[in-house]
Amino acid sequence: MTVIAIDGPAASGKGTLARRLAQHFDYAYLDTGSLYRAVALEAHRTDGDAIKAARNVGKLNLTDPEIKSESTGGMASKISAVAEVRAALLDFQRDFAAHPPGNKAGAVLDGRDIGTVICPDADVKIFISADVETRAKRRFLEEFGAEGSDADYQAILAELIQRDERDMTRRNSPLKAATNAHLLDTTNSDIEAVFEQALKLISDKMTTT
Ligand code: DC
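The text that follows walks through the structure, step by step, so that each part is easy to find. Since we're looking at a predicted model, the values are computed, not measured.

**A few points about the overall build of the protein chain**
The helix and strand tally for the protein chain stands at 9 helices and 5 strands. Secondary structure elements of the protein chain occur, N-terminal to C-terminal, as β-α-β-α-α-α-α-β-α-β-α-α-β-α. Its C-alpha radius of gyration of 17 Å places the protein chain within 12% of the 17 Å reference for a compact globule of 209 residues. Judged by the C-alpha coordinates and their principal axes, the protein chain covers about 45 × 40 × 30 Å. Considering only contacts within the protein chain whose residues lie at least 6 apart along the sequence, 78% involve residues at least 24 apart.

**Things to note about the site of the ligand**
Around the ligand, 15 residues are found, and the nearest of them are Arg37, Arg86, Arg112, Arg163 and Asp167. A distance of 3.3 Å separates an oxygen atom of the ligand from a polar side-chain atom of Ser80. Note that a nitrogen atom of the ligand is positioned 3.0 Å from one of the side-chain N or O atoms of Asp113. Protein chains bury 97% of the 450 Å² of accessible surface belonging to the ligand in isolation. At the level of secondary structure, the elements contributing two or more residues to the shell around the ligand comprise α2 (32–45), α4 (70–79) and α8 (150–169). Broken down by class, the residue content of the shell around the ligand amounts to 2 nonpolar, 5 polar and 8 charged.

**Some remarks on the nonpolar core**
Ranked by size, the top nonpolar core spans 29 residues in total, and within it Val39, Ile79, Val85, Leu89, Leu109 and Cys119 carry the most contacts. Here this core gets 7 residues from one element, more than from any other, and that element is α2. The residues touching Val39, leaving out its near neighbours within four places in the chain, are Ala50, Ala53, Ala54, Leu60, Ile79 and Leu89. Listed in part, the 17 residues of the second largest apolar core include Ile6, Ala18, Ile128 and Ala198.

Scoring rules and cut-offs
- Residues numbered from 1 in each chain as written.
- Predicted model: local features only at pLDDT ≥ 70, side-chain atom pairs only at ≥ 80, totals over all residues.
- Heavy atoms only, no water.
- Helix = DSSP H or I, 4+ residues; strand = E, 2+ residues; numbered from the N terminus.
- Rg over C-alpha atoms; globule rule 2.2 N^0.38 Å.
- Contact = heavy atoms within 4.5 Å.
- Near = heavy atom within 4 Å.
- Polar contact = N/O pair within 3.5 Å; in protein donor to acceptor, adjacent residues only side chain to side chain.
- Areas by Shrake-Rupley, 256 points an atom, 1.4 Å probe, with all protein chains shown as cover.
- Nonpolar A, V, L, I, M, F, W, Y, C, P; charged D, E, K, R; others polar.
- Core = buried A, V, L, I, M, F, W, Y, C linked by side-chain atoms within 4.5 Å.
- Buried < 20%, exposed > 50% of the residue type's maximum accessible area, 1.4 Å probe, protein only.

Structure follows, in structure tokens:
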């Protein structure tokens, strides 16, 4: 079983990279942020109990279109600081890595604590980042396309700054690079270049183990 862990801040490009790698190697892919997002959305729409929602994560809809919005991301960041929520999602993520659906030979997981907490023994760990302004621009284009105003961009930038701060300073499993993670900065690189860099890292690693 091969496990590739990709961590990084919001809108760093980790989802795009993880999806591409999973496709390339025919591995299963888990966007762990979507678990926190689905839990936050469920709690928001029902009784506000994020712990209960996290304990039922298997039943949540991970493809709800509202999941992708930056406001859901903000709610997810808040509930993700709750120790019981993280604990409830731990087994689901580890189980995915140990037994990737579809009998795949490997799994790619992306998130904040994959290399540090969820899969500390992952075969390859990548920590991907970019300037917050670059990430805000990407998220703005994703969410608003050509329709967005400068106020929309500024709101997203402010949200991301706040989210980075919350994700990096929380007590439980804060966002940080594992000591043995490879660091990739995507500020000035397009996805193709980042993908090629990651492929090289992974094949170097596979041939030396
Ligand atoms: O990666 P994302 O933007 O979809 O994640 C949404 C929020 O979920 C993020 O701000 C913090 C939380 N999260 C987490 O705490 N741990 C993870 N492994 C993934 C996401």
